[in-house]
Amino acid sequence: MDGNLVIFALTSLVLGSGIGFFLGRYTSGAILYLLWAALVGSLLVLLVAPVGRVLGVAQDDWSRALYLYMAAIFLVPVLISSGLFGWVGLRKRRRVLREGQGDV
């Protein structure tokens, strides 16, 4: 595997985990849920051809290969890492609020 692909995938994981944790810990959680909905929606548009066709996304062979590549290298790692670290951030926020430690 090309080294650039590994760096790109790791960068996606780091960005997703940082954004997920921050949104889960320091916001109400609604923005985190909107992020997850946007990521799942974009995965549906890119990976399910009929959904993409309805929305007017080009579906020729080269575009389809690019969509699969972008989903595998960027969207899936961001979704997984933001889900995991967002969940951790939400748990920490709830624990702080439950214990009444003041500043969230």
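Structure: above.
Fair warning: this is a prediction, and the values are worked out from it, not measured in the lab. Residue positions are given per chain, counting from 1 as you read along its sequence in written order. In view of the model being predicted, local features appear only for residues whose pLDDT reaches at least 70, and side-chain atom pairs are presented and counted only at 80 or more, with totals across whole chains, interfaces and linings using the full set of residues. Working from all heavy atoms in the structure, the side-chain values ignore hydrogens and water.

Enquirer: What should I look at first to understand a positive patch on the surface in this one?
Expert: Candidate patch residues must exceed 30% relative accessible area and have no salt bridge, after which like charges are joined if within 9 Å and Val, Leu, Ile, Met, Phe, Trp or Tyr side chains if within 5 Å. Surface accessibility follows the Shrake-Rupley procedure with a 1.4 Å probe radius. Residue values consider only the protein chains on display as shielding. For this document, the term salt bridge refers to a Lys or Arg side-chain nitrogen within 4 Å of an Asp or Glu carboxyl oxygen. Residues scored as charged are limited to Lys and Arg (positive) and Asp and Glu (negative), so that His and the chain ends carry no count. A charge is said to be at NZ when it belongs to Lys, at CZ for Arg, at CG for Asp and at CD for Glu. A surface patch of positive charge is lined by Arg91, Lys92, Arg95 and Arg98. With respect to the element layout, Arg98 can be found in helix H4 (residues 61-99). The way it works is that DSSP assigns letters per residue, a run of H or I at least four long becomes a helix, a run of E at least two long becomes a strand, and they are numbered from the N terminus.

Enquirer: In this structure, what is going on with helix H2 (residues 30-47)? I would like to understand it.
Expert: With 18 residues, H2 extends 25 Å from end C-alpha to end C-alpha; this agrees with the ideal 26 Å at 1.5 Å per step. Among all positions of H2, only Leu32, Trp36, Leu39, Leu43, Val45 and Leu46 are buried. Contacts are assigned to residue pairs that have any heavy atoms within 4.5 Å of one another. Elements that come into contact with the buried residues of H2 comprise helix H1 (3-26), helix H3 (49-54) and H4. To estimate how far a helix should reach, multiply one less than its number of residues by 1.5 Å. Classification of residues uses two cut-offs on accessible area relative to the type maximum, computed with a 1.4 Å probe and protein chains only: under 20% is buried, over 50% is exposed, and between them is partly exposed.

Enquirer: What's the story with the side chain of Ser81 in this structure? I'm lost.
Expert: Looking at the element boundaries, Ser81 is found in helix H4. Pairs of N or O atoms are called polar contacts if they sit within 3.5 Å, as long as, within protein, a hydrogen donor faces a hydrogen acceptor (for residues adjacent in sequence, only side-chain-to-side-chain pairs). A polar contact of 3.3 Å, which involves the side chain of Ser81, links it to the backbone nitrogen of Ser17.

Enquirer: Just checking my understanding: could you explain the environment of Thr11 for this structure?
Expert: Along the polypeptide, Thr11 turns up in helix H1. Taking relative accessible area as the criterion, Thr11 reaches 37% and is therefore assigned partly exposed. Spatially, the C-alpha atom of Thr11 lies 9.2 Å from that of Pro77, the residues being 66 residues apart in sequence.

Enquirer: Even after reading the chapter, I still don't get the packing of H1 against H2, so can you show me in this structure?
Expert: The axes used here are C-alpha line fits, helices contributing only the stretch in contact, and every angle between their N-to-C directions lies in the interval 0 to 180 degrees. Two elements in contact, H1 and H2, have axes separated by 7 Å at closest approach and are oriented at 145°. Where H1 abuts H2, its residues Ile19, Gly20, Leu23 and Gly24 lie against Ile31, Leu32 and Leu35. Residue polarity follows a fixed list, in which Ala, Val, Leu, Ile, Met, Phe, Trp, Tyr, Cys and Pro are nonpolar, Asp, Glu, Lys and Arg are charged, and the others, Gly among them, are polar. Broken down by class, the residue content of the contact of H1 with H2 amounts to 5 nonpolar, 2 polar and no charged.

Enquirer: What's the story with the nonpolar core in this structure? I'm lost.
Expert: Across soluble globular proteins, nonpolar side chains have a tendency to be buried as a group. What makes a nonpolar core is a set of buried Ala, Val, Leu, Ile, Met, Phe, Trp, Tyr and Cys residues whose side-chain atoms join them at distances within 4.5 Å. Counting 7 residues, the largest nonpolar core is built from Leu39, Leu43, Leu46, Tyr67, Ala71, Leu75 and Val78. Secondary-structure elements contributing two or more residues to this core are H2 and H4. Ranked by residue count, the leading element in this core is H4, at 4 residues. Setting aside chain neighbours within four positions, we find Val78 in contact with Ser12, Gly16 and Leu39.

Enquirer: It is not clear to me how H4 should be interpreted in this structure. Could you clarify?
Expert: If you check H4, its first and last C-alpha atoms are 55 Å apart, about what 39 residues at 1.5 Å a residue would give, namely 57 Å. Given a residue, its bend is the angle between the two axes fitted to the seven residues that end at it and to the seven that start from it. The sharpest bend along H4 measures roughly 40° and falls at Ala71. Two residues or fewer past H4, Gly100 is found with a positive phi of approximately 65°.

Enquirer: Hey, could you run me through the packing of H1 against H4 in this one?
Expert: Two packed helices can be described by the angle between their axes and the distance between those axes. At a minimum axis distance of 6 Å, the contact between H1 and H4 shows a crossing angle of 30°. Taken together, H1 and H4 sit at an angle that is classed as roughly parallel. Of the two possible hands of crossing, H1 and H4 adopt the one that is right-handed. Here the residues of the contact of H1 with H4 sort into 15 nonpolar, 9 polar and 3 charged. In this scheme, roughly parallel covers angles under 35 degrees and roughly antiparallel covers those over 145, while 65 to 115 is roughly perpendicular and the rest are oblique. A clockwise turn of the near helix away from the far one marks a right-handed crossing, whereas an anticlockwise turn of less than a right angle marks a left-handed crossing.

Structural measurements only, silent on function.
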